[in-house]
Amino acid sequence: LCGSQFWNSTETWYTNTPDFTPCFEQTALVWTPCAFYWLFVAFDFYYLKASLDRNIPWNKLNVSKALVNLGLLVITALDLIMALVKKGGDSELPLYDLDVWGPIIKFATFLLIFLFIPLNRKYGVQTTGCQFLFWFLLVVLTIPRCRTEVRLDSERQKILSSEQPTELDFSWEEYQFASFFIVFTFSCLMLILNCFADGLPRQTKYQRGENEIPELSASFLSRITYQWFDRMALKGYRNPLEEKDLWDLRPQDSCSEVMPIFAHHWNQNVRKNYRSKTRVEPKAQFSNGHVTFENPHGEKNGRKKGMASIMPPIYKSFGGVFMFGALMKLFTDVLTFAQPQVLSLIISFVEDQEKDPQPEWKGIMYSVLLFVLAAAQTFILGQYFHRMFIVGLRIRTALINAIYRKALRISNSTKKESTVGEIVNLMAVDAQRFMELTTYLNMIWSAPLQIGLALFFLWQQLGPSVLAGLAVMIILIPVNGVIASRIKTYQIRQMKYKDERVKLMNEVLSGIKVLKLYAWEPSFEKQV
C-alpha cells in the first residue's frame, strides 16, 4: 500500500518515545475522518430537506470557506499530479498505491464538502455538525504526523548540511513536507470557520422576531456546549425572569408544524380500521390557524374493524428524532462503562510502577483518555435529554390539539359520556404524562443493557460473588411489581377524584351567583 510497515508495536507501544509508522499516519489517521463524513453525510442531506429557510446571502464566512476549500482541492489534485510526475515513468522512486489513492480519497471528500457550501446557502442551513466533526477529527488526527514530518525534516537538514552543496533540486520529500503543512494549515482554518454559524437567511417560512430563540442562529459548537443559553442564564442570575424575558418557541416545535404531520398519520391509522370499497389517502393541511382533516372516520358505508390506537401515529410522526436520541443513549451507556475500564488501567499502571515500571507517557495517555471519555459522555447525554424533551413537547402539543379539536366536534349524546373534568384532565395531566414518559422510555432496553454490562465487568473483578447482588435484584422484581400495581390502582382512583373535582369546580363557577346569594361557599369548599 505505502511501501513500509503499516503497524509496529515496538515503535508505538513498547517504547519510551512512542510514534506511529508513516504508513499508519498517512492512511488510517487521514482516511478515518473521511470515512466518518461519508458515513454520516446523510444527516447533511436531511437538514437540507428539513430546513424551513432559504437563500443565505454571500458573506465573508461562506466565501472564506469556499476559497479555503478550493485551495485544498487544488493542493490535493497537485499531490496526485506530482506523485505521477516524480514517481511515475522512468523515475527511480517507486509509485505506491497510497500515492494515488490517498489524494483521490481526500479530493473526493473535499469536493463533497465544497458542494455543500452553496447548497447550505441556498437552503438556509446556517451550520452543520457533520462538517465540524470532520474538520475537528482531521486536525486532531493529523497532529501526530506534524511531529513526524518535523523530525524527518530536521534529519534531512542535518544530512544536507554535512554534505557538499550540490545543484538545487526540489526533492519529493521536500514537496511532501511543504504540501502537508499547507493542507494542515488550511484544515485548521476550516475548523475555525466552522466554529461560527452562517448569516441569517433572506427567506423564512415564519417571520423572525426580535425575541427569537438564539438556538436557531447558533453554530454547532454553540449548540453542543449550550453557549447560546448563557445570556438567559446570566439574566436570570441578575434578576428574576419574567414571561417577557422568555424566547419564542422554535418554528419546528410549534403547533403549525407538528399538528399536520400527526394529523396525517392519525387519519391513515383511522382509515385502516374501516373497510371501504374505495380507498383514498387522508390529507391534513394547516391554514389560517386551523387544521383541516379530510374524512377522518372513513366513508359512511364503511365497516369499523376496531378501536384506533394513538401509538402508531406517534411512532410515525416523531419516531425519527426518538430513534436518533436512542442511538445517543446507547453511546452514553457504552461510555459510562468505558470510564471504569480506563480507571482500572490507571490503577494497574500505578501498582506496576514498583514491580515493572512502565513509560510515563502511558499514565498521561490514560488520564487524558479518561477526561475525553467523561467529556464526550457529558456532551452526548446533554444532547440526548434535549432531544427527548423536544420529542415529548411535540407529542404533548399534538395530543392536546387533537383532544381539544375532538372535544369541539363531539355530539351532545357523546358529551354525556365524558365530563368536562375528564376532558380537561386528558389535556392537562395525561398529555403531560406522555412528555414525562418520553425522557425515560429508553430505559426499557437501556436498563437491561447496563445491568448486563455491570454484571460482566463485576464478574471479572469479584467472580461468583456477583450472583448475590443478582439474586437480590431478581427477588426485588416481584416486590417492585406489587408496588407498581398498587401505585397504578391509586393513580386511577386519584384521576377519578380529579375528574369529579374539576366537574364540581365547573359547576361552582357556572352558578357562582346562586352560590353567593345562599352563602354556600363553606359547604362547597368542603366538597371540593
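Residues numbered from 1 in each chain as written. Predicted model: local features only at pLDDT ≥ 70, side-chain atom pairs only at ≥ 80, totals over all residues. Heavy atoms only, no water.

Q: For this particular structure, what's the right way to read the overall build of the protein chain?
A: The helix and strand tally for the protein chain stands at 18 helices and 6 strands. For 528 residues, the compact-globule estimate of 2.2 N^0.38 gives 24 Å, and the C-alpha radius of gyration of the protein chain, at 32 Å, exceeds that figure by more than 25%. C-alpha extents for the protein chain along the principal axes are approximately 115 × 65 × 60 Å. Within the protein chain, contacts between residues separated by at least 24 positions form 77% of all contacts whose residues are at least 6 apart in sequence. For the protein chain, the accessible surface area stands at approximately 32,800 Å², while carbon and sulfur atoms represent 64% of it. Charge-centre separation for the protein chain: the mean point of 56 positive side chains lies 17 Å from the mean point of 47 negative side chains. (Helix = DSSP H or I, 4+ residues; strand = E, 2+ residues; numbered from the N terminus. Rg over C-alpha atoms; globule rule 2.2 N^0.38 Å. Contact = heavy atoms within 4.5 Å. Areas by Shrake-Rupley, 256 points an atom, 1.4 Å probe, with all protein chains shown as cover. Lys, Arg positive; Asp, Glu negative; His and termini not counted. Charge placed at Lys NZ, Arg CZ, Asp CG, Glu CD.)

Q: Help me understand empty space enclosed by the protein in this model?
A: To locate leftover empty space, one rolls a probe as large as a water molecule over the atoms. One pass over the full model with this rule turns up 2 cavities of 30 Å³ or more. In this structure, the largest cavity spans a volume of roughly 370 Å³. Lining the largest cavity are 21 residues, with Gln26, Asp79, Lys106, Arg145 and Gln176 sitting closest to its centre. Looking at the lining of the largest cavity, the elements with two or more residues in it are helix 4 (60-87), helix 5 (97-123), helix 6 (129-162) and helix 7 (172-193). Counting residues per element, the lining of the largest cavity draws most heavily on helix 7, at 8 residues. (1 Å grid on protein atoms, 1.4 Å probe; cavity = no way out; pocket = protein on both sides within 12 Å on 5 of 7 lines; lining within 4 Å. Points joined across faces, edges and corners; volume = space filled by probe spheres on them.)

Q: Please clarify how the nonpolar core should be interpreted in this entry.
A: In a soluble, globular protein the nonpolar side chains are often hidden away together inside. Tyr37, Leu72, Phe110, Phe116, Phe134, Trp135 and Met190 are the most contacted members of the largest nonpolar core, which has 29 residues in total. Where this core is concerned, the elements lending two or more residues are helix 3 (28-50), helix 4, helix 5, helix 6, helix 7 and helix 8 (220-225). Counting residues per element, this core draws most heavily on helix 6, at 7 residues. Excluding its chain neighbours within four sequence positions, the residues that come into contact with Phe134 are Pro33, Cys34, Phe36, Tyr37, Thr109, Phe110 and Ile113. Counting residues in each nonpolar core, the second largest holds 15 residues, with Val258, Phe318, Ile395 and Leu399 among its members. (Core = buried A, V, L, I, M, F, W, Y, C linked by side-chain atoms within 4.5 Å. Buried < 20%, exposed > 50% of the residue type's maximum accessible area, 1.4 Å probe, protein only.)

Q: What exactly am I supposed to notice about the pattern of salt bridges here?
A: Counted according to the given criterion, the structure contains 10 salt bridges. As a salt-bridge pair, Arg151 and Asp19 come within 3.1 Å of each other at their nearest N and O atoms. Of the two residues, Arg151 is situated in helix 6 and Asp19 in the loop between helix 1 (9-12) and helix 2 (22-26); the sequence distance between them amounts to 132 residues. Its relative accessible area of 34% is what places Arg151 among the partly exposed residues. A single network of salt bridges, built from pairs that share partners, joins Glu215, Arg250, Asp253 and Arg394. (Salt bridge = Lys/Arg side-chain N within 4 Å of Asp/Glu carboxyl O.)

Q: Explain the domain arrangement of the protein chain here, please?
A: It is common to give the size of an interface as the accessible area lost on bringing the parts into contact. Entries for the protein chain in the domain assignment read domain 1 (1-160 + 169-205), domain 2 (214-248), domain 3 (309-463) and domain 4 (465-527). Between domain 1 and domain 4, the C-alpha centre-to-centre distance is 61 Å. (Domains from an automatic or database assignment.)

Q: Teacher, can you tell me more about the environment of Thr32 here?
A: Mapped onto the fold, Thr32 is located in helix 3. Classification of Thr32 as partly exposed rests on a relative accessible area of 42%. In the structure, Thr32 is positioned 114 residues away from Cys146 in sequence and 17 Å away in space, judged by C-alpha atoms. Every residue in contact with Thr32, bar those within four places of it in the chain, is listed here: Thr27 and Leu141. Here Ala28 takes part through its backbone oxygen, which lies 2.5 Å from a polar atom of the side chain of Thr32. (Polar contact = N/O pair within 3.5 Å; in protein donor to acceptor, adjacent residues only side chain to side chain.)

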